[in-house]
Structure formats: C-alpha cells, structure tokens
Amino acid sequence: MLSGSRSRLGGALGLAALLAGLGVSAPASAAPKDTGGRAVTVEEARLDRAAPQEILRRSGFDSRAPELARALGKARSYDQARRLIEREGRSLWRGAVGRAQGRGPAGGDLSRDDDRPLYWARLGMTRELRQWEPTRFSLGDERRARLIDALETTSRGQDDVRFTGRHHGKGIKRVLVTGFDPFTLDRDVRISNPSGATALALDGTTIRTAEGPARVEAVTFPVRWQDFTDGEVERALRPVLPRVDLFTTISQGRVGRVDVERTNGAWRGGFPDNDNASRTEQVPVTDPASQPQWTTTTLPYKAIADAETGRFPVYDNTSVTEIPAGGTRPVMQPDGPTEGSAARAGGGGDYLSNEIAYRATLLRDRLGLHDRLPGGHVHTPVLQFGAGNTDPATGAVTDPEFVRNRLDIIAQVRNILRTAVSAS
C-alpha cells in the first residue's frame, strides 16, 4: 500500500505509478447514498455492485448481514444489542479464519484463501447497523457509533489475540502480524489484499522455526485515515506488543517483489482512502512534541533479504523522501534520511502502510521495547489477476492464476516469519 503522490526509482514505487502500470485510472467518486434510513458510507455503497454480491454469494457470507438484521430486530436494550454485536463480530472473524484455514464448510466455490468475503460481509453488517432503528429503546448517534466500533474491533480479531495456555509455554515464540482491507476499489472493485489474506491464513497457527515453535496471532485494519487518526492502531497493539517476541505489519506494495522497509516517515501524502477521504499532513499522534520524523525497523532485514523464502525477490528497502535540514523541497534519499530532515515518505511510501509501520514502531519505542523487540513492516507483491482477466469491467472475480499468486504470497510471508524468528 504505497504512496499515491510520487514515483521513486530505487525506492518504493509510488502507488499512482504502480496503478498506471496496471492499466487503471484515477479514483472515481462514489458518493454515499440513502437506502431508506441513514446515509451509508462511500465504502458501504460499493456493496451494491455485482462483484461484491458475487463474492459474498460464492463464499456463503451473504447470510451474515441479513442474520444480523434479524437479530437486531429482537434486541430489547442497548446492552443486549452490544452483546449481540460483539458476538456476531467475533463469529464473523472466526468464521473467516476458519474458512481460510480449511475448517468447516467452504460455503461456495470461491477459494478458501480469499480475504474478500470478510471485508464485504463486514460492510454489509455495518450498513445494517447504521440503518437500524430500534423500536424498544432509543439509539442516539454516539451509542450507534459505539456499536459500529465494537463490530469493527471484534470482526478484525483485535480483541482475539491469545498467547495463553499451551500456546504460551516455555520456548514458544509469540508473533503478531497485521493485515489490511482491500483498497483502490473504485478502480477495480474485485480487488483482494494479500496482507488481509495472510492474516486470515496465519491467525492462531504455529510455525516451526530453527528456534522452536512460533505461535502467530493476526489482526486487520481498515484503509481509512480517520480510524488511524482516532488511534485504532495504538488501541489494538498497545496491550499486545509487550507480550510478543516479534511483530510485523504487512501490506500490499510493488509488483513482483517483497520489500522489508527499513525506515518509516511521519507524513501523510493525501492519497484517497476507502471512503475517498484525503489527508496531507504530519501523522497525528499523542504527545506530538516528542514525535520523531522517522522510525526504523528492528526486524532482521538482512537475514530476510538473503533467505530463500519464495518465488518473489526480497529487498532491504532503504530509500526515503525527505526535506533536508534547511531545505524547502522534497528529495529522494536512497540510503535513508539525513540528520535533521523532515519526512515526506518512508520506504513504504506516504500512505497507510507507511503510517501503520510508523505508528507500530513508534509505539514499540515509546514502550521502551526498541532494543529487545524485533518489529517492522513487510510489503508483499501486488496481487494480480491472470492474463485475460485484467479488465475490471469484463473480468471475473477470480481465476486460477489469481489464486496461485495469493497462495504463493501467503506461503512466502510464512517463510519470512520463520526466517525472522530464527534470526532474532
């Protein structure tokens, strides 16, 4: 999930240039519309397109939103509604994880490794909740927002990180990974995000490493500037980072390669998010007076880049874009930031993948964990459709090459984690 405001040679390719190379155009505006009650969001409005409906139908996740609507109709109080929302959110997350890992019925012919049923089902559920008008009690905007937040939190696994019991014994390493929703959906609403698929595939699994078993827990995040401004990353990760042995945030990056991002920058470049909102500013965090312009990875980047982890080449990406001390114009620096510079893009760009890496590593440092907790960001290859299936207007929602590419990315991230744990 790279920058949408620039293109850099030798560093992270700008998202605008990346998308141009894939033959897609600038984002179209998708205005929210009223479906009989409260106005839905830009993101929720995309549900009515053919591809999301097909993805839901072919995975069996098309029943999730209607089931929630029926259950909400029976809620007699706000507290009962909240318990219902939390239960249904956790059920959605665990159902998506189980489907991705081969447990239970597939629900249809869509490949099990697909992350998109979770994304579209969640939006269907938030839309139902946003439109719901209870008859047995009043529900103001503030309490409705709390219910939506509870659904977002539980359906992303953010309250389901478990390093306990037999998974917390002596010699068992604890690894946390994060993924993202699909994005740039106005260019191609069929899009899948391999980082989200990886999170589903790895959540709760054990990886065998040279240092013994490693238990992996995963959470996902939205592609929305406002959620990051509101501190969602810090709320989700603060209780977890002191308990893990390694973490990596993950997102989709460049075509045909993996990047381990060395440096993260405190800058938002303005590329539109999934609600078509844009932000160009310094990354907003608590205690801005002590905010650094740059944070760095503590992952064993050399070991990861040198290892044979899969079919995609892996790079230790050191480049950034900065305004040098005393300067006024952005300059690309291939070997990292210079002293006193102002960030304009980390190795991972100036979009939300850079921001999650910046926030997670800044949190690591503010918790005093820099010298003992390996953590950073990994950019996966872009997940591409097969030849002959690249036109969003006429293409199918899946194809064999698309599935193979996603499975290969998931397998390579698993091997990267194995390498990182062994090297750390």
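Refer to the structure above for everything that follows.
**Q** Teacher, can you tell me more about the overall build of the protein here?
**A** A count of helical and extended segments in the protein gives 13 helices and 14 strands. Rg of the C-alpha trace for the protein: 21 Å, near the compact-globule value of 22 Å for 424 residues, within the 12% margin. With the principal axes as the frame, the protein shows a C-alpha extent of 60 × 50 × 50 Å. Counting every position in the protein, which comprises 424 residues, the buried fraction comes to 57%. Across the protein, the fraction of contacts at a sequence separation of at least 24, relative to all contacts at a separation of at least 6, is 77%. Surface exposure of the protein reaches about 16500 Å², of which carbon and sulfur atoms provide 50%.

**Q** Is there a simple way to think about the side chain of Asn 405 in this case?
**A** With respect to the secondary-structure elements, Asn 405 resides in helix H13 (residues 400–423). Leave out the neighbours within four places in its chain, and Asn 405 touches Arg 311, Leu 383 and Gln 384.

**Q** Would you mind going over the packing of helix H8 (residues 194–202) against H13 with me for this structure?
**A** When two helices pack together, their arrangement is given by the angle between the helix axes and the distance between those axes. One can describe the packing of H8 onto H13 by two numbers: an axis separation of 9 Å at closest approach and a directional angle of 65°. Judged by the sense of rotation from one axis to the other, the crossing of H8 with H13 is right-handed. Only Arg 406, Ile 409, Ile 410, Val 413, Arg 414 and Leu 417 of H13 make contact with H8, whose side of the interface consists of Pro 194, Ala 197, Thr 198, Ala 201 and Leu 202. Of the residues that constitute the contact of H8 with H13, the class distribution is 8 nonpolar, 1 polar and 2 charged.

**Q** Looking at this structure, I do not really get the packing of aromatic side chains. What am I missing?
**A** Two aromatic rings are characterised by how far apart their centres lie and by the angle between their planes. Considering all chains together, one arrives at 8 aromatic pairs under this definition. With a centroid separation of 4.8 Å and 70° between ring planes, the pair formed by Tyr 119 and Trp 120 is classed as edge-to-face. The same class applies to Tyr 119 as to Trp 120, namely buried. Centroid distance Trp 132 to Phe 137: 5.8 Å. Interplanar angle 70°. Geometry classified as edge-to-face. On the basis of relative accessibility, which here comes to 11%, the residue Trp 132 falls in the buried class. Given the relative accessible area of 14%, Phe 137 is considered buried.

**Q** Would you mind going over the side chain of Glu 88 with me for this structure?
**A** Relative to the helices and strands, Glu 88 resides in helix H5 (residues 78–100). For Glu 88, a relative accessible area of 16% translates into the label buried. Sequence-distant contacts of Glu 88, that is, excluding residues within four places in its chain, are made with Leu 68 and Met 125.

**Q** Looking at this structure, how should I read H8?
**A** Residues lying three or four places apart along an α-helix face the same way, a consequence of the helix completing one turn every 3.6 residues. Here H8 lies mainly inside the structure; 9 of its 9 residues are buried. When H8 is considered as a whole, its buried residues turn out to be Pro 194, Ser 195, Gly 196, Ala 197, Thr 198, Ala 199, Leu 200, Ala 201 and Leu 202. Gly 204 sits one or two residues past H8 and shows a positive phi near 75°.

**Q** How should the pattern of salt bridges be read in this particular structure?
**A** Close approach of charged atoms allows side chains of opposite charge to pair. Summed over all chains, the structure comprises 35 salt bridges. The partner of Arg 94 in a salt bridge is Asp 160, and the shortest N-O contact between them spans 3.0 Å. Of this pair, Arg 94 sits in helix H5 while Asp 160 sits in the loop between helix H7 (141–154) and strand S1 (173–180), and the two are 66 residues apart along the sequence. On the basis of relative accessibility, which here comes to 42%, the residue Arg 94 falls in the partly exposed class. The exposure class of Asp 160 is buried, given its relative accessible area of 11%. Notably, a salt bridge pairs Arg 146 with Glu 142, separated by 2.6 Å at the nearest N-O pair. Pair noted here: Arg 146 and Glu 142 are both in helix H7, with a separation of 4 residues, about one helical turn. Its relative accessible area of 54% is what places Glu 142 among the exposed residues. One continuous salt-bridge network, built from bridges that share partners, spans Glu 43, Arg 122, Glu 152, Arg 156, Asp 181, Arg 224 and Asp 227.

**Q** Explain helix H12 (residues 352–366) to me, please; I cannot follow it from the model alone.
**A** Across its 15 residues, H12 extends 20 Å between first and last C-alpha, which sits within 8% of the 21 Å expected from 1.5 Å per residue. Burial analysis of H12 places 13 of its 15 residues in the buried class, which makes it a mostly covered element. Note on H12: the residue one or two positions beyond its end, Gly 368, has a positive phi of about 75°.

**Q** I keep staring at the sheet that holds strand S13 (residues 342–345) and nothing clicks. Help me out?
**A** What holds strands together in a sheet is hydrogen bonding between their backbones, with the strands either parallel or antiparallel. What the 3 strands build is an open sheet, ordered S12-S11-S13; its pairing is antiparallel. In this open sheet, the two strands that pair with only one neighbour each are strand S12 (331–333) and S13. Strand-to-strand, the axes of this sheet are offset by a mean angle of 45°, without reference to chain direction. Where strand S11 (residues 320–323) meets S12, 3 bridges bridge the pair, whose relative direction is antiparallel. Bridge pairing in S12 links Glu 322 to Val 331.

Cut-offs applied
- Residues numbered from 1 in each chain as written.
- Predicted model: local features only at pLDDT ≥ 70, side-chain atom pairs only at ≥ 80, totals over all residues.
- Heavy atoms only, no water.
- Helix = DSSP H or I, 4+ residues; strand = E, 2+ residues; numbered from the N terminus.
- Rg over C-alpha atoms; globule rule 2.2 N^0.38 Å.
- Buried < 20%, exposed > 50% of the residue type's maximum accessible area, 1.4 Å probe, protein only.
- Contact = heavy atoms within 4.5 Å.
- Areas by Shrake-Rupley, 256 points an atom, 1.4 Å probe, with all protein chains shown as cover.
- Axes fitted to C-alpha atoms, helices over the stretch in contact; angles between N-to-C directions.
- Left-handed = near helix turned anticlockwise from the far one by under 90°.
- Nonpolar A, V, L, I, M, F, W, Y, C, P; charged D, E, K, R; others polar.
- Phe/Tyr/Trp six-rings, centres within 6.5 Å; stacked < 30°, edge-to-face > 60°.
- Salt bridge = Lys/Arg side-chain N within 4 Å of Asp/Glu carboxyl O.
- Expected span 1.5 Å × (residues − 1).
- Pairing = 2+ DSSP bridges.

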